[in-house]
Amino acid sequence: MKTVIHKADTRGYVDHGWLKSHHTFSFSSYQNPERMSFGKLRVLNDDVVQPKMGFGTHPHQNMEIISIPLKGALSHKDSMGNKRAIEVGEVQVMSAGTGLTHSEFNDSKDAAVNFLQLWIIPEEKGITPNYEQRNFKATQVPNKLQTVVAPKNKLEGDALPISQQAYIYRTALDANTTLKLQPKALNNGFYVFVVDGSVTVNTTNLETRDAIGIWGTDSADVTSTKHTQLIIIEVPMD
């Protein structure tokens, strides 16, 4: 088994006033040659956007982009004609493919928005852009993995499709609960990100916003030490 540990306070950080962002991997002005990616997971940004502020229209190409609100709601508008808010409990995916533009904005007058944005390198370039969004609250089961994103040719339940053999899971664990992670393919690794709470992954203790990458094994145990929310990304490592 191979592992890499990313403690919360080792992430890159920028404060633009309207935006405060922690970067797990190299992004924009934060460049760290030891933090370029975890397999096909290229970006994991933990963004806080102030009221009545946001990201203006900007382009993307040949990237799978996943947004997961943790607090508040984020308005979205894109060149495909989609215009709607993303709220807590929802997940949004965009397959940028041949190219698209979009904007993200916090419409609230007094509440900040906190959301995670992930970029996953696609398995094929030049595909037709795609946008999908879904609320997963109704199907979440405590202490179970909930698949919210899956490969477009291997969809599970109501998971959203992306153009990569990667999966994103969410779970809320009660205290002293153990999950066994088993990869879908031998070459896959898991990136376990603690949204809130505390867990032990095999023998490594993790707190809120800590993360661990695991690969080269057929299983790994995740045990909560108190009520904990996790996001787990399973990606090909080559």
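Here is what the cut-offs are and how they apply
- Residues numbered from 1 in each chain as written.
- Predicted model: local features only at pLDDT ≥ 70, side-chain atom pairs only at ≥ 80, totals over all residues.
- Heavy atoms only, no water.
- Helix = DSSP H or I, 4+ residues; strand = E, 2+ residues; numbered from the N terminus.
- Rg over C-alpha atoms; globule rule 2.2 N^0.38 Å.
- Buried < 20%, exposed > 50% of the residue type's maximum accessible area, 1.4 Å probe, protein only.
- Contact = heavy atoms within 4.5 Å.
- Pairing = 2+ DSSP bridges.
- Axes fitted to C-alpha atoms, helices over the stretch in contact; angles between N-to-C directions.
- Polar contact = N/O pair within 3.5 Å; in protein donor to acceptor, adjacent residues only side chain to side chain.
- Salt bridge = Lys/Arg side-chain N within 4 Å of Asp/Glu carboxyl O.

Here we look at the overall build of the protein chain
Argument step 1. Within the protein chain, the secondary structure is distributed over zero helices and 22 strands.
Argument step 2. Taken over the C-alpha trace, the protein chain has a radius of gyration of 17 Å; the compact-globule value for 238 residues is 18 Å, and the two agree within 12%.
Argument step 3. In terms of its C-alpha atoms, the protein chain occupies a principal-axis envelope of roughly 45 × 40 × 40 Å.
Argument step 4. Among the 238 residues that make up the protein chain, the fraction classed as buried is 51%.
Argument step 5. Within the protein chain, contacts between residues at least 6 apart in sequence are counted, and of these 71% link residues at least 24 apart.

Digging into the sheet that holds strand S19 (residues 204-207)
Argument step 1. Ordered by their spatial adjacency, four strands build an open sheet running S16-S21-S18-S19, and the pairing between neighbours is antiparallel. Edge positions in the sheet fall to strand S16 (178-181) and S19, since each of these pairs with one other strand and no more. Strand-to-strand twist across the sheet, computed as the mean angle between neighbouring axes with direction ignored, equals 25°.
Argument step 2. As paired strands, strand S18 (residues 198-201) and strand S21 (residues 220-224) are joined by three bridges and run antiparallel to one another. If you follow Thr200 over to S21, its bridge partner there is Thr223.

A few points about the sheet that holds strand S8 (residues 83-87)
Argument step 1. If you walk across this open sheet you meet the four strands as S5-S10-S7-S8, and the pairing is antiparallel. In this open sheet, the two strands that pair with only one neighbour each are strand S5 (54-60) and S8. Pairwise comparison of adjacent strand axes, ignoring direction, gives a mean angle of 25° for this sheet.

So, the side chain of Asp46
Argument step 1. Mapped onto the elements, Asp46 comes out in strand S4 (residues 41-49).
Argument step 2. What makes Asp46 buried here is its relative accessible area of 6%.
Argument step 3. A polar contact of 2.7 Å, which involves the side chain of Asp46, links it to the side chain of Arg209.
Argument step 4. Setting aside anything within four residues of it in sequence, one finds Asp46 in contact with Arg11, Lys20, Ser21, His22, Asn114, Phe115, Leu116, Phe193 and Arg209.

Some points on the pattern of salt bridges
Argument step 1. Counted according to the given criterion, the structure contains eight salt bridges.
Argument step 2. Lys20 serves as the salt-bridge partner of Asp15, at 3.8 Å between the closest nitrogen and oxygen.
Argument step 3. Take Lys20: its relative accessible area is 28%, and that puts it in the partly exposed class.
Argument step 4. One salt bridge in this structure joins Glu132 and Arg134, with 3.7 Å as the shortest N-O distance.
Argument step 5. Owing to a relative accessible area of 24%, Glu132 belongs among the partly exposed residues under this scheme.
Argument step 6. Judged by its relative accessible area of 27%, Arg134 is partly exposed.
Argument step 7. Each of Arg11, Asp46 and Arg209 takes part in one network of salt bridges that share partners.

Focus: the environment of Leu118
Argument step 1. Topologically, Leu118 is positioned in strand S11 (residues 113-120).
Argument step 2. Residue Leu118 is classed as buried on the basis of its relative accessible area, which comes to 0%.
Argument step 3. For Leu118 and Ala185, which are 67 residues apart along the polypeptide, the C-alpha to C-alpha distance reads 21 Å.

These figures come from the coordinates and say nothing about function on their own.
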